[in-house]
Amino acid sequence: MALSEKTKRYIRKNCKGTLADKRVIITGANGGIGYKTAETLVYLGASVILACRNPEKAERAKNSLLEEYPGTDIRTMTLDVADFKSIDAFAENMPDVDVFINNAGVFHRPGQKTKDGFETVMGTNYMGVYYIGEKVLPKLEKCGHDVAYINTISLVHKIARVDFDRFYDNSGSYFRSKLCVARYSEYLNNKYKGTNIHIFMTHPGITITSIAAHIFGRFYVLAKIMPFNSVEKSSLSAAWLLTHDVTDGGVVGPNKLLGGWGYPEINKKSKRAQRDIEPLINYTQKEIEKVNLTKV
Ligand SMILES: NC(=O)c1ccc[n+]([C@@H]2O[C@H](COP(=O)([O-])OP(=O)(O)OC[C@H]3O[C@@H](n4cnc5c(N)ncnc54)[C@H](OP(=O)(O)O)[C@@H]3O)[C@@H](O)[C@H]2O)c1
């Protein structure tokens, strides 16, 4: 479905300028917030690469965008964020881009594991995102122009905890994965300070996508009639961020009800995301080394 007139008006008024010279990669862009984010950026003139695990879904998303925006530059690449080998192949073939958005995510996968043996929610939302950063950022650092690197977090990171003895427990894994991504983003922001890489975080507040169906469980029917942000409204954070002067390390998300609802603005950074970063990075690097040792 095309962007509503209201959203187009919002973008014209609040996201001034054009992204016509920008090439953007968005992971998990075949549905939900990723797809709508792609659409808002195409509307602003960007060339977009939809990096998705399912090539057929990616092609459908591309065709649907092209139908709405004929003549625009929309491509697809295959990327399974829950599979290090897929990330290796993707990074190898990745073209030079100006913006990279880590959007792909899963919520509830009890008992499931990724190909590399991690619990699926932590394995996708955090280990995958971490490994993408390891592979993609050194390449982007060499490209010689500014790059906005955006990780998607969630408000729930503010109530999560990281306990290395229970790192892969099913219980609380989504919350924990988002806290880990927020801490990793802080680490990256420090690591790339003063370079061409600019690290940001966005979050969509609360909106009813298939992830939300898992979050709300049997209350999903009720959630659908609650006045949450539309998926479209929750997908404006990247468009806003890329058309405003946001300090490196900044967080952009909705502006009402503690960040749950509303239009994007700069959010206050959470203290929780800024502590205990070093132990997390050391732990993650060891976990990744273990996987690398078993790679053929
Ligand atoms: N909805 C909310 O209220 C909310 C709140 C806070 C944060 N977020 C975050 O926003 C992001 C988008 O979520 P959403 O609400 O739009 O959920 P969604 O509708 O379920 O979309 C998730 C997208 O991620 C893709 N994906 C999942 N696993 C993947 C993998 N291993 N490799 C590549 N792509 C993968 C999915 O592809 P398939 O179609 O192949 O499954 C889908 O395109 C997530 O990071 C989520 O944590 C959402």
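A brief look at the structure comes next. (Residues numbered from 1 in each chain as written. Predicted model: local features only at pLDDT ≥ 70, side-chain atom pairs only at ≥ 80, totals over all residues. Heavy atoms only, no water.)

1. Considerations on helix α6 (residues 173-191)
In step 1: If you check α6, its first and last C-alpha atoms are 26 Å apart, about what 19 residues at 1.5 Å a residue would give, namely 27 Å.
In step 2: Counting buried residues in α6 gives 15 out of 19 residues, a clear majority hidden from the surface. (Helix = DSSP H or I, 4+ residues; strand = E, 2+ residues; numbered from the N terminus. Expected span 1.5 Å × (residues − 1). Buried < 20%, exposed > 50% of the residue type's maximum accessible area, 1.4 Å probe, protein only.)

2. Focus on the pattern of salt bridges
In step 1: All told, the structure shown has 11 salt bridges when counted by the stated rule.
In step 2: Lys290 is the salt-bridge partner of Glu287, the closest N and O atoms lying 2.7 Å from each other. Remark: Lys290 and Glu287 occur in helix α11 (residues 277-294); sequence separation between them is three residues, near one turn of the helix.
In step 3: Since its relative accessible area comes to 8%, Glu287 is described here as buried.
In step 4: With a relative accessible area of 52%, Lys290 lands in the exposed category.
In step 5: One connected set of salt bridges, linked through shared partners, spans Lys36, Glu39 and Glu232. (Salt bridge = Lys/Arg side-chain N within 4 Å of Asp/Glu carboxyl O.)

3. Regarding the packing of helix α5 (residues 120-141) against α11
In step 1: It is the contact of α5 with α11, at a shortest axis distance of 11 Å, that shows an interaxial angle of 85°. With respect to their mutual orientation, α5 and α11 come out roughly perpendicular. Of the residues in α11, those in contact with Tyr126, Met127, Tyr130, Tyr131 and Glu134 of α5 are Leu280, Ile281, Thr284, Gln285, Glu287, Ile288 and Asn292.
In step 2: For the contact of α5 with α11, the residue count by class is seven nonpolar, three polar and two charged. (Axes fitted to C-alpha atoms, helices over the stretch in contact; angles between N-to-C directions. Parallel < 35°, antiparallel > 145°, perpendicular 65-115°, else oblique. Contact = heavy atoms within 4.5 Å. Nonpolar A, V, L, I, M, F, W, Y, C, P; charged D, E, K, R; others polar.)

4. Thoughts on the site of the ligand
In step 1: Neighbouring the ligand are 28 residues; Arg53, Asn103, Tyr174, Thr209 and Ser210 lie closest to it.
In step 2: In this structure, Lys57 approaches the ligand through a side-chain N or O atom, which is 2.8 Å from an oxygen atom.
In step 3: Between an oxygen atom of the ligand and a main-chain N or O atom of Gly105, the distance comes to 3.4 Å.
In step 4: Calculation on the ligand without its partners gives an accessible area of 890 Å², and the protein chains cover 92% of this total.
In step 5: When residues of the shell around the ligand are traced back to their parent elements, those giving at least two are α2 (32-43), α6 and α7 (210-216). (Near = heavy atom within 4 Å. Polar contact = N/O pair within 3.5 Å; in protein donor to acceptor, adjacent residues only side chain to side chain. Areas by Shrake-Rupley, 256 points an atom, 1.4 Å probe, with all protein chains shown as cover.)

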